[in-house]
Amino acid sequence: MTDSSDDILALLPARLKEARRTQGLSLDAVSKLSGVSRSMVSQIERGESSPTIATLWNLTRALQVDFAGLLEQETQVNRIEVLRADQIPTIDNMGEGCRIRILSPPEEAGRNELYELRFDEGGRLDSQPHKRGTIEIVSVINGTIEITSDEATERLERGDSARYAADLRHCIRAVGGNAKVFLVVQDAG
């Protein structure tokens, strides 16, 4: 084994632990998601055991991290990740007359999520309460919308933004025509 591969193996425990903590996962949760025993995950994170390729693959899938990137010696901070317009996932079956484009990366799910919402005239997105402490921030790009959070209601027009509790029943509704908004969902955790 070369010095270079020894350096990579020395970085692996810290990178796995960092990925787990970034996801907010316990050792037990990673064990359940990956099928790797809790004690083995702990030993790998402490550098007391070197994982097989299969074990490392299962861990990276559970932690939603790039397998190759985890093994790279230098972190790639000077890169731009692009998702082209035709590759952006969309959801068309939530709400009425509402198309949702998911703009945030999958690893941000449950933390900071970014969406583009396009409403037909009268379109609406009714949402059940999210996790306690969750807030939403909406900014109107075009049109007029009405936001309801529990019993509070506000009307927003192009250029307006609002922040509201999303751990209550809430709704975004287009008023008087089509509307387009950006929505950020921030988890309190």
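Our subject is the structure listed above.
Residues numbered from 1 in each chain as written. Predicted model: local features only at pLDDT ≥ 70, side-chain atom pairs only at ≥ 80, totals over all residues. Heavy atoms only, no water.

Participant: Explain the packing of helix 2 (residues 27-34) against helix 3 (residues 38-45) to me, please; I cannot follow it from the model alone.
Facilitator: Packed helix pairs are specified by the crossing angle of their axes together with the interaxial distance, meaning the distance between the axes. Remark: helix 2 packs on helix 3, axes separated minimally by 8 Å, with the N-to-C direction vectors making an angle of 115 degrees. Relative to helix 3, the element helix 2 is oriented roughly perpendicular. In terms of crossing hand, the pair formed by helix 2 and helix 3 is right-handed. Residues L27, D28, V30 and S31 of helix 2 lie in contact with helix 3, whose contacting residues are R38, V41, S42 and E45. Looking at the contact of helix 2 with helix 3 residue by residue, the classes come out as three nonpolar, two polar and three charged. (Axes fitted to C-alpha atoms, helices over the stretch in contact; angles between N-to-C directions. Helix = DSSP H or I, 4+ residues; strand = E, 2+ residues; numbered from the N terminus. Parallel < 35°, antiparallel > 145°, perpendicular 65-115°, else oblique. Left-handed = near helix turned anticlockwise from the far one by under 90°. Contact = heavy atoms within 4.5 Å. Nonpolar A, V, L, I, M, F, W, Y, C, P; charged D, E, K, R; others polar.)

Participant: Just checking my understanding: could you explain the packing of helix 2 against helix 4 (residues 53-63) for this structure?
Facilitator: The N-to-C vectors of helix 2 and helix 4 enclose an angle of 110 degrees; their axes lie 8 Å apart at closest approach. When the axes of helix 2 and helix 4 are compared, the pair comes out roughly perpendicular. The chirality of how helix 2 crosses helix 4 is right-handed. Between helix 2, through V30, L33 and S34, and helix 4, the contact on the second element is made entirely by N58, L59, A62 and L63.

Participant: Help me out: how do you make sense of the pattern of salt bridges in this one?
Facilitator: Two side chains carrying opposite charge are able to pair once their charged atoms lie near each other. Applying the stated criterion to the full structure yields nine salt bridges. When the shortest N-O distance is used, the salt bridge between D28 and R38 registers 3.1 Å. In this pair, D28 sits in helix 2 while R38 sits in helix 3, placing the two residues 10 residues apart along the sequence. Assessed through its relative accessible area of 43%, R38 is described here as partly exposed. Residue K180 is joined to E116 by a salt bridge in which the shortest nitrogen-to-oxygen separation is 3.8 Å. Of this pair, K180 sits in strand 9 (residues 179-186) while E116 sits in strand 3 (residues 112-127); the two residues are 64 residues apart in sequence, bridging distant segments of the chain. (Salt bridge = Lys/Arg side-chain N within 4 Å of Asp/Glu carboxyl O. Buried < 20%, exposed > 50% of the residue type's maximum accessible area, 1.4 Å probe, protein only.)

Participant: What is the right way to look at the nonpolar core in this model?
Facilitator: The nonpolar side chains of a soluble globular protein tend to be buried, and buried together. Counting 19 residues, the largest nonpolar core has L117, F119, V138, I145, I172 and L183 as its most contacted members. For this core, the secondary structure elements donating two or more residues are strand 2 (96-102), strand 3, strand 4 (135-142), strand 5 (144-149), strand 7 (161-165), strand 8 (170-174) and strand 9. In contact with I145, other than residues within four places in its own chain, are V138, V140, E154, R155, L156, I172, R173, A174, V175, A179 and V181. One finds L12, L27, V30 and L59 within the second-largest nonpolar core, a separate group that totals 11 residues. (Core = buried A, V, L, I, M, F, W, Y, C linked by side-chain atoms within 4.5 Å.)

Participant: What should I look at first to understand the pairing of strand 2 in this one?
Facilitator: Each regular strand shows side chains that alternate between the opposite faces of the sheet. Pairing of strand 1 (residues 90-91) with strand 2 involves two bridges; the strand directions are antiparallel. Note that in strand 2 the partner of I91 across the bridge is I100. Where strand 1 hands over to strand 2, the hairpin turn is made up of four residues, of which G95 adopts a positive phi near 75 degrees. The pairing of strand 2 with strand 3 spans six bridges and is classified as antiparallel. Residue pairing across strands places C98 opposite F119, the latter belonging to strand 3. (Pairing = 2+ DSSP bridges.)

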